[in-house]
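The chain contents come next:
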Amino acid sequence: MTAHPQMSQTGTPRRRPADRRRLIIDAAAVAFSDGGYHAVRLDDIADAVGISTPALYRHFPNKYALFAETTAELAIGLRSALDTVPDGGPDELHALVDAITTTSFDNRRRGGLYRWESRYLEPRDAALVRDVVVHQHRRIRAAARRVRPSLDDADANLLAAAMISVAASPTTHRAALPARDATSLMSEAALGLLDIDLPDQPESPQLTAGGLAPAAKREVILTEAIILFAARGFRDVTIEDIAHAADLPASGVYRHFPSKVAILEASFWRASDLVATVISDALKASATPREALLTMLAQYVRLSCTATDLITIYATEIGHTTPEARGALRNRQRIVVDEFATWVTRDRTDVTLPRARFLVHAALNVVADLSRQSPQPSPARIEALASRLLLGPVVSETR
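Just so you know, the residues in each chain are numbered from 1, in the order the chain's sequence is written. A pLDDT threshold of at least 70 governs which residues receive local features in this predicted model, and a stricter bar of 80 or more applies before side-chain atom pairs are shown or counted, although totals over entire chains, interfaces and linings include all residues. Derived side-chain values reflect all non-hydrogen atoms in the structure, with water molecules and hydrogen atoms excluded from consideration.

**Q** Describe unusual backbone geometry, naming the residues involved and giving the relevant values.
**A** In this structure, Pro375 follows Ser374 across a cis peptide bond, with omega equal to 0°. The helix count covers DSSP runs of H or I at least four residues long, the strand count covers runs of E at least two residues long, and both are numbered beginning at the N terminus. If you trace the backbone, Pro375 turns up in the loop between helix H17 (353-371) and helix H18 (379-391). Unlike most non-glycine residues, Asp247 shows phi in positive territory, near 60°. Among the structural elements, Asp247 can be located in the loop between helix H11 (239-245) and helix H12 (250-254). Partly exposed residues are those whose accessible area sits between 20% and 50% of the maximum for their type, while under 20% is buried and over 50% is exposed, using a 1.4 Å probe and protein chains only. Look at Asp247 and you get exposed, because its relative accessible area is 67%.

**Q** A description of the pattern of salt bridges should follow, citing residues and the corresponding values.
**A** Throughout this description, the term salt bridge denotes a Lys or Arg side-chain nitrogen within 4 Å of a carboxyl oxygen of Asp or Glu. Counting across every chain of the model gives 21 salt bridges. Taking the shortest distance from any N to any O, the salt bridge between Arg110 and Glu73 comes out at 3.5 Å. Taken together, the positions of Arg110 in the loop between helix H5 (92-106) and helix H6 (117-120) and Glu73 in helix H4 (residues 63-83) put the pair 37 residues apart, joining distant regions of the chain. Relative accessible area serves as the criterion here: at 26%, Glu73 is assigned to the partly exposed category. As a salt-bridge pair, Arg232 and Asp241 come within 2.8 Å of each other at their nearest N and O atoms. Overall, the relative accessible area of 37% leaves Arg232 in the partly exposed class.

**Q** Summarise helix H7 (residues 123-147); cite the residues concerned and give the values.
**A** Owing to its 3.6 residues per turn, the α-helix aligns residues three or four sequence positions apart on the same side. With 25 residues, H7 extends 36 Å between its outermost C-alpha atoms, agreeing within 8% with the 36 Å of an ideal straight helix rising 1.5 Å per residue. Among all positions of H7, only Ala126, Val129, Val132, His135, Gln136, His137, Arg139, Ile140, Ala143 and Ala144 are buried. Working rule for helices: expected span equals 1.5 Å times residues minus one.

**Q** Just give me the short version of the nonpolar core, but keep the residues and values in it.
**A** The term nonpolar core refers to a set of buried residues drawn from Ala, Val, Leu, Ile, Met, Phe, Trp, Tyr and Cys, joined through side-chain atoms within 4.5 Å. Counting residues in each nonpolar core, the largest one holds 125 residues, and the members touching the most others are Ile263 and Leu385. Contacts: residue pairs with any heavy atoms within 4.5 Å of one another. For Leu385, the residues in contact, after removing those within four places along its chain, are Leu158, Leu159, Ala162, Leu193, Ile196, Leu198, Val366 and Leu370.

This is the structure we're talking about:
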């Protein structure tokens, strides 16, 4: 009997792709990175590869197995890139930063996998990724101290974290720039942080929002939901949990929000509105492009340091929003980046807008990453690092 070709969901014949496992892993990495673990369906991955879902199951027994392998492969690839750099060589730090930057740019569509590592990987799989992350930090820190031996432990750790954040920042956005230019720009921007004289770290640097708690029930629901989502993850929080934290019955929550997703989206729009207000207020108070950048950045850092729960869930849970809301939120984020980038080009006339966008994404990634550290660095230390990325020194167009 002649076998009929498999049919796709559109009714067209499927052709058997070569190296199915490789294609499945590649498609899954992009899907998980873009949408998050829980939002991705195996049917969608199978259709993207051009195979049936039962054919996918012949390679992976379930979605978790596929997720774990794609995440492990990304981590192992980074470890391999780092291991090509000899320990202690004269250009070790430069080579390590280049390796991270190049790996990040090559994996721009996959890098979001790291955002879900701590929540969804089982302990054994999470340990593999965590070991690579720790190894990366230790190598950058040790290489930085060889170049600048006067660094104490706190400064060396902070600089290493910031340099890695810059090098990894291409995975957080889709701004366009030729690969060679982008990787050179990010490597030199990261290395440019090494000579910063950081402000001293105060004993109790962490900012708190302060003030009185909101009285309006809708605001109470939002506040408590954000805390729960950050602590436990969106999937593991129920409407009943939110209601209990807000001292309401579940029906009281539904009077203000039709669903848990609606609460999540409302929190994201609240964050977006706060950032828009920060920018507007900073521009009103500024007289020059540099003053505008410094004021916007200072207020943005303060917001990030006092709203760490909100920053955390935006980084880890945006995949649970509807596609329409996700697209609108990301469009608003692009507007924020372009606002910063425009003022960068007005202050640094030799920096083009596409390059400025990469620098802004790097600076905002540093703010987000460092503000979520525990203990949290002081806002002044975060500002010092982010402002160097935005204001200079000017990097060359090509290495």
